Amino acid sequence: MKQLTVTSGKGGTGKTTITASFAVLAKHTVVADCDVDAPDLHMLLHPKIIRSHVFRGSKIALINEGKCTQCGICKQKCAFDAITQGFKVDPITCEGCGVCRMLCPVSAITMTDRTSGHAYISKTKSGFMAHAKLNPGEANSGKLVTLVRQNANMLAREKKCNLIIIDGPPGVGCPVIASISGVDAGLAVTEPTFSGIHDLKRVLLLMKHFKVRPLVCINICDMNKDNAARIRSYCRKNRIEVVGEIPFNQIVTEAMVHGKTVVEYSPRSEVSKEAKNIWDTVRHHLELDRD
Amino acid sequence: MIVSIASGKGGTGKTSVAVNLALSIENVQFLDCDVEEPNAHLLLHPRISRREPIYTSVPVVNEKLCDHCGKCAQFCQYNAMFVSSDKVLVFPKLCHSCDGCVLVCPRKAIAEEKHKVGTLKLGSAGDLRLVYGELEIGEPMAVPVIKEVKRHIERSKNVVLDSAPGTSCPVIETVNGSDFCVLVTEPTPFGLHDLKIMVEVLRMMGIPYGVVVNRAGIGDKKVYGYCREKGIPILLEIPFQRRIAELYSCGIPFSLEMTDWKHEFLALHDRIGELVSK
């Protein structure tokens, strides 16, 4: 079984558009939406939820007001400043470490489970999908990404799919690391802007750090031709293959408004043709054509 | 006044709005809190005057004192320690620096050492002061770096904070303590979906907010309907124009070339001021 993560560094470069198109083109595949705090893939793939389970990311401290003597030890020792003036626990800053419970001289603090979100296993028109929703304001997105990937793996084994396509979050922090660790290839979707180039370089370094094979796709490649050339030359120097370049086209947004992937909405458009070419190249890199 | 700029969805134009706003007002301190992918400096072209490493404290075990009782690993909620019968492994990248292992160790065998997680950069562009952080590649936790950036807030200034995309811990850390949060969205289904999540986050946190619609004219009209229904003020609309995108692509804030926009951003700041003082 192969795993591909679509990632970008910079947000809004077109990760989800590409992932959804791949999902339709690949057929009988498992897709995993690992952008758990702002998941969008479901708006294009319309999953039907088969199973859902509660995600408990971390614990949260609870102070028993009746027992608390307001001695202030918990407040003083909390590394996250999560104990308020009135000896309440701030759910936003509490990271559930348990130091307050350990130090409370009158055992007034317990650690309780918190519901941080939900993970889903679903069926789509073109295959299966593992996804999740982190509750607003909850932490632990990295842990939830790991859970989504475990669900995707299970689904792939169960349904005998030979490929998992992962829609990654932007950035280079914990949810991104959790999305790319151990995958066969990472496709970085970039755009020819200063920010796009800057962020691409950082995400490529991250892939190198975690020994993930990098591939690059330049979206809205015609926005700035000099910058597109800069990306190509950077990739050439670093022996990274640019697998495709997609010109700007309003059809992508139009397809999104209609809740469809661009390859379904407008199969003959330039964007869809290029998406198919890119998918063929990526397939080849993943050696899927030999299975 | 502290104004943070967030969005939920990535690539909606947070940095562009934050920078153009900052360049249209006076006495500004700009904090780029998107420490995973800081981009504001690419538009502001600052002179960097100071660079400092950012550290967290992580446990270091004195093997001579340790008897491998395992209490530290048992206590740690983040799986940052592993104890076997003859050795202790520390995973600094998983550590949240809560100090629990140090406190729980019965033999006082655990001390703390510094672990580099990023770099702080301070500089200026004209009169504007810039502070930003850069998360070390391979380090998972952005929050300690954001905290360090925010430690440099000068309350006497007009503070503009640029947030990372998403709705999780880095965003919450950034917007926490703001007087107002500007949510930049685009009028598309993705933009609206992620805007709704951010609205919930801000409601929970009790931070006043308003919306800037970027790339107005693309997509659909649903974001306007949503804002009307929920009584969320739309503070500014920036039309979808190729020229704006081209200027952004080569690191030029569009209000510097299309100077009428300076008044728009100044008015935006005034409007925020009014909403905050209400």
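What counts, and at which threshold
- Residues numbered from 1 in each chain as written.
- Chains lettered and ligands numbered in written order.
- Predicted model: local features only at pLDDT ≥ 70, side-chain atom pairs only at ≥ 80, totals over all residues.
- Axes fitted to C-alpha atoms, helices over the stretch in contact; angles between N-to-C directions.
- Helix = DSSP H or I, 4+ residues; strand = E, 2+ residues; numbered from the N terminus.
- Parallel < 35°, antiparallel > 145°, perpendicular 65-115°, else oblique.
- Contact = placed C-beta atoms within 7 Å.
- Nonpolar A, V, L, I, M, F, W, Y, C, P; charged D, E, K, R; others polar.
- pLDDT = per-residue confidence, 0-100.
- Pairing = 2+ DSSP bridges.

(A) Layout of the packing of helix α1 (residues 15-26) of chain A against helix α11 (residues 270-285) of chain A. Residue and element names in this part refer to chain A. The N-to-C vectors of α1 and α11 enclose an angle of 70 degrees; their axes lie 10 Å apart at closest approach. Here α1 is positioned roughly perpendicular relative to α11, judged by the angle of their axes. Residues I18, S21, F22 and L25 of α1 lie in contact with α11, whose contacting residues are A275, K276 and W279. Of the residues belonging to the contact of α1 with α11, the class tally is five nonpolar, one polar and one charged.

(B) Region of interest: the confidence of the model for chain B. The predicted model of chain B has a mean per-residue pLDDT of 97, with 100% of residues at 70 or higher. This prediction of the complex comes with two scores: 0.96 for pTM and 0.95 for ipTM.

(C) Quick peek at the sheet that holds strand β3 (residues 47-61) of chain B. Residue and element names in this part refer to chain B. On the basis of which strands lie adjacent, the open sheet formed by nine strands has the order β3-β6-β7-β2-β8-β1-β9-β10-β11 and mixed pairing. The strands lining the two open edges of the sheet, one partner per strand, are β3 and β11 (234-239). Averaged over all pairs of adjacent strands, the angle between their axes in this sheet comes to 20 degrees, without regard to strand direction. Where strand β2 (residues 28-32) lies against strand β8 (residues 158-162), five bridges are found, and the strand directions are parallel. Opposite Q29, over in β8, you have V159 as the bridge partner. Running at roughly 165 degrees to β8, helix α1 (residues 14-24) makes contact with β1 (2-6), β2, β7 (128-135), β8, β9 (180-185) and β10 (209-216) of the sheet. Along the sheet, helix α7 (residues 189-205) makes contact with β1, β9 and β10, crossing β9 at roughly 170 degrees.

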